[in-house]
Amino acid sequence: MVNKRNKPDSSGGLLDGTRMDDAPEFSDEPLQVALVTRAAGEEVGRRSGAGRVNPSGDLGPLLGHPSIEIDLPPLPKREVPEDEAAVRIDDITVDPGSVGDTGTSSVEIVRSDAPTDALPLPWTPSGGRPANPTGSVPRTTGALHRTGPVPRTTGGTPVARRTGSAYDALLGGPAPVGPLGGHHPGATGEVPRLDGAGTASRRERRAGAPSGEPESAAMLTPDRLIEGGGRVRQAPTGKWNRFVYAATLHRLNLGDSATERARKEQAARIAKVFEGGTRFVPVLTRKGGVGKTTVTTLLGMTLATIREDRIIAIDANPDRGTLSERVTKQTRATVRDVVTRANSIGGFTDFSTLVSRDETRLDILASDTDPLLSEAFDENDYNVVADLAARFYSIALTDCGTGIVHSVMRATLQRADSVVIVSGGSVDEARLASETLTWLEANGYGDLVRNAVVAINTATHGTSLVKLDEIESHFASRVREIVRIPYDPQLAAGSVVSYKDLRQVTKDAARTLAALVVDGLPARRDA
């Protein structure tokens, strides 16, 4: 190897222009060269000419010989996985003998990005920092003190992973502890399960494998004890879905059809739970003969069929109502009897003797029927009846009489949470229904108008000659919803209504009306 220099070499002693083979001290001996490599200005190693690595960085006897410096590109930074970083922290050797006299302190372990071969050196016996430290060094925050001798630990001692409280609660005794309060090195290392079933897996316990420890009562779950987890899927609804379910011997369950799912969602709306008192819904209009009593009966039967609570329909006609004639009579009592016996009614059993109950569980309280009565049903009488009904029922429908200016109407509207306006299919019936809304707005019941539902009874005369779409368009600008009640022979007869014998289209319209009415009732209210 030839080294040609233009200036004297202070370390090698060669003059300007002198060849290394001309120097007598290098003529018969092997050439010694120090190789220094740097990456981004940081020495990464020194190697002698003979190929031996000197990790300490001390060139020693090579200081009197030439050196070759090579600048390399920066080394890529090695990303340490999280699991390896955790192992490195566990393997840090800490000498607790270097702590002070009293008190406690915290030790912060700082993660290092240095290569894994640059691990921290052991601490010196004096308790100071290690000589030539590399890698991660524990840093102490605050004063370090101790109250007595602390056992020394080595790198082979496992780090404490848990305390004895879990063992005390689950196993009935303290956990075996080591010198520093952790788990003893001689223990099995199994962490107790929080379900109280020992260390056996759930699959092993289901297979009957012994766990070595008694099981808790919480392990007796339906998933473990019943085939299929105790979950029984209901048979589907809908003609085609039921046929497939039966044809495959109950092995293929397509579930409910889209129509049935919509029907169940509608039933859930009708069955909404109320809190804080009875909800009052009057059914009214200015004109008689448009079907107020029919709509009240239909609405009440639908609510009573789907809901689980009690529903009552009160005939508040001051003259002579016919609501009680829509069901089979079970009593001759009327609203007048309720008023006179109010003080003696102590519970629902007493009140139930004064009403007639339909097959759908709808209770109906009849109006006065005696033409010889000199006293009409007035506002005070209605308040007495309404107060008693509020004790036992969740929803109270009121079939209002003809007209809206009598005294009972005032008491009815003051309690109302929503109203149903009934309109016929003729021109004059639709106009009078709209005038009813105008009267309510003029007398301070604008909120009831905006929340009202209009039921158009298409069974009245002249419906086939009128554009019902135009009537609906008019009411849509004033109220919340509109529902058409179709013609049904059961309703047109004006006699006892059998809900199960109604046409399906009539039942669907009644369910729609019930869902819309319930949607407008507040779910929570102060009693």
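**Q** Could you give an account of the packing of aromatic side chains, with specific residues and numbers?
**A** A complete count under the given rule lists five aromatic pairs for this structure. For the ring pair Phe 351 and Phe 392, a centre distance of 5.6 Å and an interplane angle of 40° mean the geometry is tilted. Placement of Phe 351 in helix 9 (residues 348-352) and of Phe 392 in helix 10 (residues 379-392) is noted, with a sequence separation of 41 residues between them. Relative to Tyr 393, the ring of Phe 351 lies with its centre 5.9 Å away and its plane at 65°, an arrangement referred to as edge-to-face. Here Phe 351, found in helix 9, pairs with Tyr 393, found in the loop between helix 10 and strand 10 (395-400); they are 42 residues apart in sequence, far enough to count as distant. Each member of the pair, Phe 351 as well as Tyr 393, carries the same accessibility label: buried. Members of the aromatic cluster, connected to one another through ring pairs, are Phe 348, Phe 351, Phe 392 and Tyr 393. Residue placement shows Arg 310 over the ring face of Phe 348; its charged tip is 3.7 Å from the ring centre. The ring of Tyr 499 has Lys 507 lying over it, and the distance from NZ or CZ to the ring centre is 5.5 Å.

**Q** Requested: an account of the side chain of Thr 331, with residues and values cited.
**A** Note on placement: Thr 331 falls in the loop between strand 7 (311-316) and helix 8 (335-340). Among the polar contacts made by the side chain of Thr 331, one reaches the main-chain amide nitrogen of Ala 333 at a distance of 3.1 Å. A distance of 3.4 Å separates a polar side-chain atom of Thr 331 from the backbone oxygen of Thr 353. Sequence-distant contacts of Thr 331, defined by excluding residues within four places in its chain, comprise Thr 353, Leu 354, Val 355 and Ser 356.

**Q** Run through the nonpolar core, naming residues and quoting values.
**A** Judged by nonpolar contacts, the single largest core of 39 residues is most densely connected at Leu 299, Leu 303, Val 420 and Leu 513. Among the elements that line this core, the one with the most residues is helix 16 (residues 504-519), at eight residues. Dropping the residues within four chain positions of it, Val 420 is found in contact with Val 281, Pro 282, Val 283, Leu 284, Val 295, Leu 299, Val 453, Ala 455 and Val 517. Counting 25 residues, the second-largest nonpolar core is a separate cluster that includes Ile 314, Val 338, Val 339 and Ala 411.

**Q** So what's going on with the environment of Phe 280? Residues and values would help.
**A** The topology assignment puts Phe 280 in strand 6 (residues 279-284). Take Phe 280: its relative accessible area is 6%, and that puts it in the buried class. For the pair Phe 280 and Ala 416, spaced 136 residues apart in sequence, the C-alpha separation works out to 4.9 Å. What Phe 280 contacts, discounting residues up to four positions off in sequence, is Tyr 382, Ala 386, Ala 390, Ala 396, Arg 415, Ala 416, Asp 417 and Ser 418.

The rules behind each value
Residues numbered from 1 in each chain as written. Predicted model: local features only at pLDDT ≥ 70, side-chain atom pairs only at ≥ 80, totals over all residues. Heavy atoms only, no water. Phe/Tyr/Trp six-rings, centres within 6.5 Å; stacked < 30°, edge-to-face > 60°. Helix = DSSP H or I, 4+ residues; strand = E, 2+ residues; numbered from the N terminus. Buried < 20%, exposed > 50% of the residue type's maximum accessible area, 1.4 Å probe, protein only. Lys NZ or Arg CZ within 6 Å of the ring centre and 35° of its normal. Polar contact = N/O pair within 3.5 Å; in protein donor to acceptor, adjacent residues only side chain to side chain. Contact = heavy atoms within 4.5 Å. Core = buried A, V, L, I, M, F, W, Y, C linked by side-chain atoms within 4.5 Å.

Function cannot be inferred from these measures alone, as they are strictly geometric.
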